[in-house]
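Breakdown of the fold
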Amino acid sequence: MIDDIKETKECQLKDPMDLFHSGQLVKICAPMVRYSKLAFRTLVRKYSCDLCYTPMIVAADFVRSAKARDSEFTTNKGDHPLIVQFAAKEAQVLCDAARIICPFADGIDLNCGCPQRWAISEGYGACLINKPELVKDMVRHVRSQIDNPKFSVSIKIRIHEDLKRTVDLCQKAEAAGVSWITVHGRSIEERHQPVHYDAIKIIKQSMSIPVVANGDIKSLKDAENVHHLTEADGIMVARGLLANPAMFAGYEETPFQCIQDWVDIALEHGTPFTCFHHHLMYMMERITSKQEKKVFNVLSSTSAVLDYLNDHYGL
């Protein structure tokens, strides 16, 4: 929706690096397909989230198509600091996407971690961890072509079985001028296996730039434990925030006020019903009985959901 947000140029874009220099643990909402859009980012920012990512956007489509830009990217004056994550495999395409987005966001992130087959078959995502020279080239190109020195360029990676290769990748990216690196502590093949927090610690100790830890963090206590284990500068959360958007504010489960806030924000933003409903299903997972879930999860309209919340919870 770039044409609709020209006024964002007037707003105060922020330097995400200031967060990492604050001395506080930086709490980050991960890029999530379908879910980390403007309405949800607005919600988690109300509950102590410091930095938000957009869902992954394919840079080539974004550059080529105004329709793709309109459907994939929406922001507003309060949506900062904001990182736009791109899938890319060519340096100039990533630069072109970064130039388009630069007036409206505080940085870009190159996805080097998505393990989905379609992404890897297209040359995107996690396959890039095996192409350190290409990653280095992409980072360097963006750095040289974006005039704003406060505009961040980060990467999000998975780890190799041989951790020396991951450290080499990270050091090459650092030499090219990357702002920080987010490490999901699993290999490409691993899905639900335990996260290798020890690997994240080794990477952190090998770098002089900020490192963000990602993987299986479901509460503020988990975040603090992972911070302690890895010495990471930031913690990125995906599913934990879907289940409890207020977790960074210290809530053990989603408070009713947060559910009310989501209803208000989603209606204000015109959030499509499926997305509106799915977020509520995640948020209410821990606070509803099996019987309630059976009823709530098959509701098929916004008005039916609003009636249900009013009748059962007085929302």
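Note that the structure is a prediction, hence the values are computed from the model and not measured.

Quick notes on the rules
Residues numbered from 1 in each chain as written. Predicted model: local features only at pLDDT ≥ 70, side-chain atom pairs only at ≥ 80, totals over all residues. Heavy atoms only, no water. Helix = DSSP H or I, 4+ residues; strand = E, 2+ residues; numbered from the N terminus. Rg over C-alpha atoms; globule rule 2.2 N^0.38 Å. Buried < 20%, exposed > 50% of the residue type's maximum accessible area, 1.4 Å probe, protein only. Contact = heavy atoms within 4.5 Å. UniProt positions renumbered as here; feature names shortened; annotations may be inferred. Lys, Arg positive; Asp, Glu negative; His and termini not counted. Salt bridge = Lys/Arg side-chain N within 4 Å of Asp/Glu carboxyl O. Polar contact = N/O pair within 3.5 Å; in protein donor to acceptor, adjacent residues only side chain to side chain. pLDDT = per-residue confidence, 0-100. Core = buried A, V, L, I, M, F, W, Y, C linked by side-chain atoms within 4.5 Å. Domains from an automatic or database assignment. Buried area = accessible area lost by both parts, 1.4 Å probe. Pairing = 2+ DSSP bridges. Right-handed = clockwise from strand over helix to strand, strands pointing away.

1. Let's talk about the overall build of the protein
Looking only at helices and strands, the protein has 15 helices and nine strands in total. Its C-alpha atoms give the protein a radius of gyration of 19 Å, near enough to 20 Å, the size a compact globule of 315 residues would have. The C-alpha extent of the protein, read off along each of the three principal axes, is 60 × 45 × 40 Å. By the burial criterion, 55% of the 315 residues in the protein qualify as buried. Expressed as a percentage of contacts within the protein between residues at least 6 apart in sequence, the contacts between residues at least 24 apart total 69%.

2. A look at the UniProt feature "active site" (unreviewed entry) in the protein
Per the UniProt record, the feature "active site" (unreviewed entry) sits at Cys114. Within the fold, Cys114 resides in the loop between strand S5 (107-112) and helix H6 (117-121). For Cys114, a relative accessible area of 9% gives the class buried. When near neighbours in sequence (up to four residues on either side) are disregarded, Cys114 contacts Ala119, Ile120, Gly125 and Ala126.

3. Some remarks on the environment of Leu242
Secondary-structure assignment places Leu242 in helix H11 (residues 239-243). Sequence separation between Leu242 and Leu280 is 38 residues; the distance between their C-alpha atoms is 9.0 Å. The residues contacting Leu242, other than those within four sequence positions of it, are Met32, Tyr35, Phe40, His279, Tyr282 and Met283.

4. Considering the UniProt feature "domain: DUS-like FMN-binding" (unreviewed entry) in the protein
The UniProt feature table records "domain: DUS-like FMN-binding" (unreviewed entry) at residues 29-292. Structurally, residues 29-292 is divided into 45% helix and 14% strand, and its ends, taken at the C-alpha atoms, are 28 Å apart.

5. Overview of the side chain of Asp109
Mapped onto the fold, Asp109 is located in strand S5. Buried and unpaired, Asp109 has Lys156 as its nearest opposite-charge partner, separated by 7.1 Å. A distance of 2.9 Å separates a polar atom in the side chain of Asp109 from a polar atom in the side chain of Gln85. Contacts of Asp109, omitting those with residues within four sequence positions, involve Tyr53, Ile83, Val84, Gln85, Phe86, Ser154, Ile155 and Lys156.

6. Considering the confidence of the model for the protein
Low-pLDDT portions of the prediction should not be read for the details of their coordinates. Per-residue confidence for the protein gives a mean pLDDT of 94, with 96% of residues at or over 70. For the stretch residues 1-11, pLDDT sits under 50, and the model shows 23 contacts to residues farther than four places along the chain or on other chains.

7. Considering the nonpolar core
Among the nonpolar cores identified, the biggest contains 89 residues, and Phe86, Ile155 and Ile181 are the most heavily contacted of them. Residues from two domains meet in this core; each of domain 1 (16-249) and domain 2 (256-313) gives at least three.

8. Digging into the domain arrangement of the protein
On domain assignment, one finds that the protein holds domain 1 (16-249) and domain 2 (256-313). A straight line from the C-alpha centre of domain 1 to that of domain 2 covers 29 Å. Opposite the 15 residues of domain 1 that make contact, domain 2 presents 13 residues. Summed over both sides, the interface of domain 1 with domain 2 buries roughly 1300 Å², with 67% coming from carbon and sulfur. Three residues, Tyr35, Ala39 and Leu43, lead the burial of domain 1 against domain 2; their summed loss comes to 37% of the area buried on that side. Our count for the contact surface shared by domain 1 and domain 2 stands at zero salt bridges. Here domain 1 is connected to domain 2 by four residue pairs in polar contact (both at pLDDT 80 or more). Looking at which element gives the most residues to the side of domain 1 that touches domain 2, the answer is helix H2 (residues 38-46), with six residues.

9. Here we look at the pairing of strand S6 (residues 152-158)
Across a regular strand the side chains alternate sides, sitting on one face of the sheet and then on the other. Judged by how many residues are buried, S6 sits mostly within the fold: seven of seven residues are covered. Here S6 shows no split at all, with Ser152, Ser154, Lys156 and Arg158 on one side and Val153, Ile155 and Ile157 on the other all buried. Sheet analysis places S6 next to strand S7 (residues 181-184), joined by four bridges and oriented parallel. Counted as the bridge partner of Lys156 is Thr182 from S7. Taking the sense of rotation as the criterion, the β-α-β connection linking S6, helix H8 (residues 163-176) and S7 turns out right-handed.

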